[in-house]
Amino acid sequence: MGKQRVPDLYRAPFPLYSVKVDPKTGLVITAGGGGPSKTGIKNAVHFLDLQLVGDHQYSATLLHSHDTDTRATMNIALGNGVIAAGQDGTCCLLQFKHCLSKEDGKAAAKDGKEKKMT
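Thresholds, definitions, all that
- Residues numbered from 1 in each chain as written.
- Predicted model: local features only at pLDDT ≥ 70, side-chain atom pairs only at ≥ 80, totals over all residues.
- Heavy atoms only, no water.
- Helix = DSSP H or I, 4+ residues; strand = E, 2+ residues; numbered from the N terminus.
- Contact = heavy atoms within 4.5 Å.
- Areas by Shrake-Rupley, 256 points an atom, 1.4 Å probe, with all protein chains shown as cover.
- Salt bridge = Lys/Arg side-chain N within 4 Å of Asp/Glu carboxyl O.
- Buried < 20%, exposed > 50% of the residue type's maximum accessible area, 1.4 Å probe, protein only.
- Pairing = 2+ DSSP bridges.
- Axes fitted to C-alpha atoms, helices over the stretch in contact; angles between N-to-C directions.
- Core = buried A, V, L, I, M, F, W, Y, C linked by side-chain atoms within 4.5 Å.

(A) Just the overall build of the protein, in detail. When helices and strands are tallied, the protein shows 0 helices and 8 strands. Listed by position from the N terminus, the elements making up the protein come as β-β-β-β-β-β-β-β. Looking at the protein alone, contacts between residues at least 24 apart form 34% of all its contacts between residues at least 6 apart. Only carbon and sulfur atoms are counted for the fraction: they give 53% of the accessible area of the protein, which is about 8000 Å².

(B) Looking closely at the pattern of salt bridges. Overall, the coordinates contain 2 salt bridges when judged by the stated rule. In this structure, D8 engages R11 in a salt bridge whose closest nitrogen and oxygen atoms are separated by 2.2 Å. Overall, the relative accessible area of 62% leaves R11 in the exposed class. For R71, the salt bridge identified is with D69, shortest N-O distance 4.0 Å. We classify R71 as buried; its relative accessible area is 12%.

(C) Representation of the pairing of strand β4 (residues 58-67). Bridging between strand β3 (residues 43-52) and β4 involves 9 bridges; their strand directions are antiparallel. Each bridged residue has a counterpart across the sheet, and for L50 the counterpart in β4 is A60. Connecting β3 to the antiparallel partner β4 that follows it, the hairpin turn spans 5 residues.

(D) Spatial organisation of the pairing of strand β1 (residues 16-21). As defined by bridge partners, β1 adjoins strand β2 (residues 28-33) across 5 bridges and the pair is classed as antiparallel. Following the sheet pairing, V21 is matched in β2 by V28. Counting the residues that bridge the hairpin from β1 to β2 gives 6 residues, and of these G26 lies at a positive phi of roughly 80°.

(E) Up close: the environment of G32. Tracing the sequence through the fold places G32 in strand β2. A residue is classified by how much of its surface remains accessible, and G32, at 0% relative accessible area, is buried. Along the primary structure G32 and A72 are separated by 40 residues, whereas in three dimensions their C-alpha atoms are 5.2 Å apart. Once residues within four sequence positions are removed from consideration, G32 is found in contact with F14, P15, Y17, K42, N43, A44, A72 and T73.

(F) A look at the sheet that holds β4. If you trace the 4 strands from one edge of the open sheet to the other, you get β1-β2-β3-β4, paired in antiparallel fashion. In the strand order of this sheet, the two ends are held by β1 and β4, each with one partner. Ignoring which end each strand starts from, the neighbouring axes of this sheet average 20° apart.

(G) Highlighting the nonpolar core. Membership of the largest hydrophobic core is limited to 11 residues, which are L27, I29, A31, V45, F47, I76, I83, A85, C92, L94 and F96. Elements with a minimum of two residues in this core: β2, β3, β6 (82-87) and β7 (90-100). Counting residues per element, this core draws most heavily on β7, at 3 residues. Among residues more than four places away in sequence, those in contact with I83 are I29, F47, I76, A77, L78, C92, L93, L94 and F96.

Take a look at the structure:
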């Protein structure tokens, strides 16, 4: 009998260069992209909510996608609602806040200010 294929939990629409879990919120934050070339591959940071839906099964829900224009994020570091993102020789600071929507009590990520440091 052949190996049983496990379904993908999450499939990014871009090459992943960094995956981190925010210890405070439990959000899974992924980043990457195709870079500045015009290949049609996006550059983005994704905020995912990971939930246990069975005894041994998880579900990932995309809460927010932050487009990083022509800059592919190659690495990230997290701390107190701030993401330091390494992009094209610069360090871009992204501030985020994890909020609950009032209508259904589900989590929603909200990105805020963006600052670049060289």
